[in-house]
Amino acid sequence: MAHLYKKLKKGHEYFYIRETQRVYGKPTTINQVYLGTADKVEAALGKGGFSPKEFGSVFALNELDREVDLAGMINEILPPKKRVRGPSLGELVFYAALNRAIAPTSKRQLATWYETTDIQRIRPLRLESLNSQNFWNHWDRISDTDLEKIKTTFFKKIHALLPDQKHRLVIETADISAPPKPSVFAGMPQPDQDFLAEHLAQQKLGLALITEWSHGIPLYYQSFSGGVPTTGFYDHLEHLLSKVSNLGVAIEDVTLLVNQDMDAAPIIEQIDTKDGMHFIVSYPPDFAPELTEISLKDFRPLPGNRGAQLSPVAKEDEKILFYETKATFWNQPRRVVITFDPKSFHKSYQDLGKKVQRVRKEILALAQRQAQEADQAKAIESVKTHLAQLCLRLKISPDLFQLNFVPEKGQFRLEFQLDHRQMAGVVRHFGKNILITDREDWGVEEIYDTCVTRAVLGPELGDAKSANGNRPYGIAKDNRSLFQKALLPLYHWTDSKIRVHLFVCVAALNYLTLLSQRLAAAGISMTPNEAMEELRELRTAIYAKDPEGKLKRVLEEVNDQQAAILKTLGYVVEDGKVAAL
């Protein structure tokens with residue numbers, strides 16, 4: 001309820017808009033907006049809404065949770081302790097998942113973000129209870145055994161919400177690395193910083209995720225301390241499939257996206273013997289350089305609309321191209337699809353150009369300084385060593401550069417050139433990826449789509465940038481970017497917290513993909529990101545709604561897409577409020 005509130009300060013009247021509501025049974029001020037003096041209030045009341053708050057995104061995901069009841073489910077497994085006020089463990093997990101699905105923040109910033117939303121009209125709470133220490137105190141209660149119970153119960157509910165049909169399953173794997181806190185490096189010498197960064201990078205958490213193909217809805221996941229096992233992974237795969245089977249999911253059509261860091265041969269050897277089991281391996285061009293020699297003149301545009309282009313209507317020079325052939329891998333002829341992404345090519349080419357210019361500038365400047373050294377042999381060796389180290393940092397080959405040291409009057413002059421033959425060989429790889437599969441029943445667009453648009457994980461979730469620019473990523477609004485947005489940055493540095501955080505992020509992805517699935521069933525073609533963008537723009541604000549100037553918080557103008565999403569959830573907007581159909 002909104003009302004004008006007057007304060008007297010040094011004999012002067014100042015006005016505020018206050019909103020109050022019962023939270024945990026007690027009247028509580030949930031929002032306060034400063035307006036000014038009486039004259040300013042009178043002038044301002046006719047100008048529109050005050051204190052706009054994000055409503056649609058929080059409302060939609062909270063409605064989806066009514067069927068899941070994440071908080072109630074967790075509280076049954078780990079009941080709230082007596083004399084604990086404020087949100088329960090289950091509610092804190094849900095509030096964290098809601099934030100991760102919409103606008104991920106650290107736990108320290110969570111209350112501040114929720115203050116910008118209309119959460120109090122949807123799921124009231126005292127925002128001060130959303131502090132990081134309260135989260136850690138509650139999350140410490142979740143043991144590995146408890147987390148496994150929570151996962152099993154949660155995914156049973158998710159599966160029960162899906163249509164009763166045959167599911168095509170996709171299994172992906174990735175490693176997650178928590179970046180070190182910036183304060184850890186304070187005052188450290190550079191060599192010590194490099195050593196510590198390398199040590200922390202080795203503290204990885206592996207993730208294997210199984211999803212249904214059409215919308216990328218997660219059906220189960222498993223984490224691994226130290227990263228995804230590179231050997232013996234098939235045993236873990238069978239364990240994961242048994243967990244999913246116990247949830248009631250039929251294991252009839254499974255495709256494993258093999259991580260290129262794995263020992264693929266024994267995994268594929270096992271898959272070859274199993275009915276209904278398939279694989280797709282994505283490799284960079286240097287895995288089979290002979291395949292990258294194929295001229296782009298022999299490539300064709302990838303068919304289909306979804307996932308086949310970088311935009312719904314791609315320009316001719318932006319279309320994804322492909323070339324299909326057969327080649328023997330792992331003792332059998334396999335289907336091979338080579339893809340070429342023009343945008344990825346141009347980005348990689350520009351990045352290489354910047355690196356070459358940096359190398360040229362640094363090496364020429366160093367050579368100019370070293371040319372006057374008495375020991376010319378040592379000076380030349382110093383330039384060569386610096387070139388090797390610089391190229392290692394920039395992740396390019398020193399073979400791209402030709403250095404010719406010309407003696408002149410007891411000094412040397414450096415002639416610095418590019419090796420154009422080497423450069424052409426490197427550039428030939430840009431934008432290309434090699435997809436190897438045993439799926440003979442899928443079209444090329446389905447193979448590409450599975451690795452790009454519908455995939456969720458990347459090869460290295462802890463690495464935001466690719467070293468070679470050839471990762472098979474799709475458009476910005478795909479499931480992968482969606483999950484990485486929810487997962488990263490981690491803001492956590494201990495295994496126990498990361499494991500709970502991982503569940504929170506997978507739950508967030510479930511809510512978003514369930515929303516997309518619900519919209520698709522109603523004939524609305526929108527990605528989860530597109531739906532969130534629309535819903536985040538659906539806000540409430542305080543308006544003077546009658547001649548007496550009484551204040552009410554109501555919805556701002558609703559557009560057709562927002563109305564269609566709400567209708568899918570069973571609601572319409574009437575008199576500035578959502579009402580059940």
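About the thresholds
- Residues numbered from 1 in each chain as written.
- Predicted model: local features only at pLDDT ≥ 70, side-chain atom pairs only at ≥ 80, totals over all residues.
- Heavy atoms only, no water.
- Helix = DSSP H or I, 4+ residues; strand = E, 2+ residues; numbered from the N terminus.
- Buried < 20%, exposed > 50% of the residue type's maximum accessible area, 1.4 Å probe, protein only.
- Contact = heavy atoms within 4.5 Å.
- Areas by Shrake-Rupley, 256 points an atom, 1.4 Å probe, with all protein chains shown as cover.
- Pairing = 2+ DSSP bridges.
- Axes fitted to C-alpha atoms, helices over the stretch in contact; angles between N-to-C directions.
- Expected span 1.5 Å × (residues − 1).
- Parallel < 35°, antiparallel > 145°, perpendicular 65-115°, else oblique.
- Left-handed = near helix turned anticlockwise from the far one by under 90°.
- Nonpolar A, V, L, I, M, F, W, Y, C, P; charged D, E, K, R; others polar.
- Salt bridge = Lys/Arg side-chain N within 4 Å of Asp/Glu carboxyl O.
- Phe/Tyr/Trp six-rings, centres within 6.5 Å; stacked < 30°, edge-to-face > 60°.
- Lys NZ or Arg CZ within 6 Å of the ring centre and 35° of its normal.
- pLDDT = per-residue confidence, 0-100.
- Arc of directions from axis to C-beta.
- Polar contact = N/O pair within 3.5 Å; in protein donor to acceptor, adjacent residues only side chain to side chain.

## Quick look at the overall build of the protein chain
Thinking step 1. For the protein chain, the count of helices and strands is 20 helices and 19 strands.
Thinking step 2. Of all 581 residues assigned to the protein chain, the portion counted as buried reaches 50%.
Thinking step 3. Contacts in the protein chain between residues far apart in sequence, at least 24 positions, make up 64% of those at least 6 positions apart.
Thinking step 4. Put simply, the protein chain shows about 28,600 Å² of open surface, and 49% of that area lies on carbon and sulfur atoms.

## Side note on the sheet that holds strand S4 (residues 50-54)
Working definition: the strands of a sheet are paired by backbone hydrogen bonds and lie parallel or antiparallel to each other.
Thinking step 1. One open sheet accounts for three strands, arranged S4-S16-S17; its pairing is antiparallel. Each edge of the open sheet is held by one strand with a lone partner, namely S4 and strand S17 (551-555). Taken over all neighbouring pairs, the strand axes of this sheet differ in orientation by 25° on average, direction set aside.
Thinking step 2. When strand S16 (residues 539-544) meets S17, the two strands line up antiparallel, connected through five bridges. Each bridged residue has a counterpart across the sheet, and for alanine 541 the counterpart in S17 is valine 554.

## Some points on helix H4 (residues 89-102)
Thinking step 1. Here H4 is 14 residues long and its end C-alpha atoms lie 20 Å apart, about the 20 Å a rise of 1.5 Å per residue gives.
Thinking step 2. For H4, a buried count of 13 out of 14 residues is recorded, marking the element as mostly surrounded by other parts of the structure.

## Observations regarding the pairing of S4
Thinking step 1. For S4, the buried fraction is high: four of the five residues fall into the buried class.
Thinking step 2. By the bridge criterion, three bridges tie S4 to S16 in an arrangement that is antiparallel. Along S16, the bridge assignment pairs lysine 53 with threonine 540.

## Overview of the packing of H4 against helix H18 (residues 495-521)
Thinking step 1. It is the contact of H4 with H18, at a shortest axis distance of 8 Å, that shows an interaxial angle of 60°. When the axis of H4 is compared with that of H18, the two are oblique. Handedness of the crossing formed by H4 with H18: right-handed. Here Val93, Phe94, Ala96, Ala97, Arg100 and Ala101 of H4 lie close against H18, whose contacting residues are His501, Phe503, Val504, Cys505, Ala507, Ala508, Tyr511 and Leu512.
Thinking step 2. Considering only residue class, the contact of H4 with H18 consists of 12 nonpolar, one polar and one charged.

## Brief notes about the pattern of salt bridges
Thinking step 1. Counted according to the given criterion, the structure contains 22 salt bridges.
Thinking step 2. Between arginine 66 and glutamate 63 there is a salt bridge, with the nearest N and O atoms lying 2.8 Å from each other. In this pair, arginine 66 and glutamate 63 both sit in helix H2 (residues 56-68), three residues apart, roughly one turn of the helix.
Thinking step 3. Looking at arginine 66, the relative accessible area reads 57%, which means it is exposed.
Thinking step 4. The class of glutamate 63 is buried, set by a relative accessible area of 10%.
Thinking step 5. Taking the shortest distance from any N to any O, the salt bridge between lysine 243 and glutamate 148 comes out at 3.6 Å. Here glutamate 148 lies in helix H8 (residues 144-161) and lysine 243 lies in helix H10 (residues 233-246), a separation of 95 residues in the sequence.
Thinking step 6. Among the charged side chains, a network of salt bridges with common partners joins Glu148, Lys151 and Lys243.

## A look at the packing of helix H3 (residues 70-77) against H8
Thinking step 1. The N-to-C vectors of H3 and H8 enclose an angle of 140°; their axes lie 10 Å apart at closest approach. Here H3 lies oblique to H8, going by the angle between them. The chirality of how H3 crosses H8 is right-handed. In this structure, H3 contributes Leu70, Met73, Ile74 and Ile77 to the contact, and H8 contributes Asp146, Lys149, Ile150, Thr153, Phe154 and Lys157.
Thinking step 2. Within the contact of H3 with H8, the residues separate by chemical class into six nonpolar, one polar and three charged.

## As for the packing of aromatic side chains
Thinking step 1. Inspection of the entire model under this criterion finds 25 aromatic pairs.
Thinking step 2. A centroid spacing of 4.7 Å and a plane angle of 65° characterise the contact between tryptophan 113 and tyrosine 114, whose relative ring orientation is edge-to-face. Each member of the pair, tryptophan 113 together with tyrosine 114, is buried.
Thinking step 3. Among the aromatic side chains, those forming a connected cluster through ring pairs are Phe94, Tyr95, Trp113, Tyr114 and Tyr511.
Thinking step 4. We note lysine 151 situated over the ring of tyrosine 221; from NZ or CZ to the ring centre the distance is 4.3 Å.

## Some remarks on the confidence of the model for the protein chain
Thinking step 1. Averaged over every residue, the pLDDT of the protein chain is 84; the share at 70 or more is 80%.
Thinking step 2. Taking the mean pLDDT of every element in the protein chain, the minimum, 56, falls on helix H9 (residues 190-201) and the maximum, 97, on H3.
Thinking step 3. Every residue in residues 305-313 is under pLDDT 50, and counting partners more than four places away or in other chains gives 22 contacts.
Thinking step 4. In this model residues 462-477 is a low-confidence stretch, pLDDT under 50, and it forms 45 contacts with partners more than four residues away in sequence or in other chains.

## Some details on helix H11 (residues 264-272)
Thinking step 1. Here H11 has its buried residues at Ala264, Ile267, Ile268 and Ile271. Each buried residue of H11 lies within a common arc of 90° when the element is viewed along its axis, so the set occupies one face.

## Re the environment of aspartate 275
Thinking step 1. Relative to the elements of secondary structure, aspartate 275 occurs in the loop between H11 and strand S9 (277-283).
Thinking step 2. For the pair aspartate 275 and aspartate 253, spaced 22 residues apart in sequence, the C-alpha separation works out to 8.5 Å.

## Side note on the side chain of lysine 432
Thinking step 1. Inspection of the secondary structure puts lysine 432 in strand S15 (residues 432-437).
Thinking step 2. Within polar-contact distance, the side chain of lysine 432 engages the backbone oxygen of threonine 292 at 3.0 Å.
Thinking step 3. There is a polar contact of 3.4 Å between the side chain of lysine 432 and the backbone oxygen of arginine 428.

## A closer look at the environment of arginine 360
Thinking step 1. Tracing the sequence through the fold places arginine 360 in helix H13 (residues 342-370).
Thinking step 2. In this structure arginine 360 comes out as partly exposed when scored by relative accessible area, which is 27%.
Thinking step 3. Residues arginine 360 and leucine 387, 27 residues apart in the sequence, show an inter-C-alpha distance of 9.5 Å.

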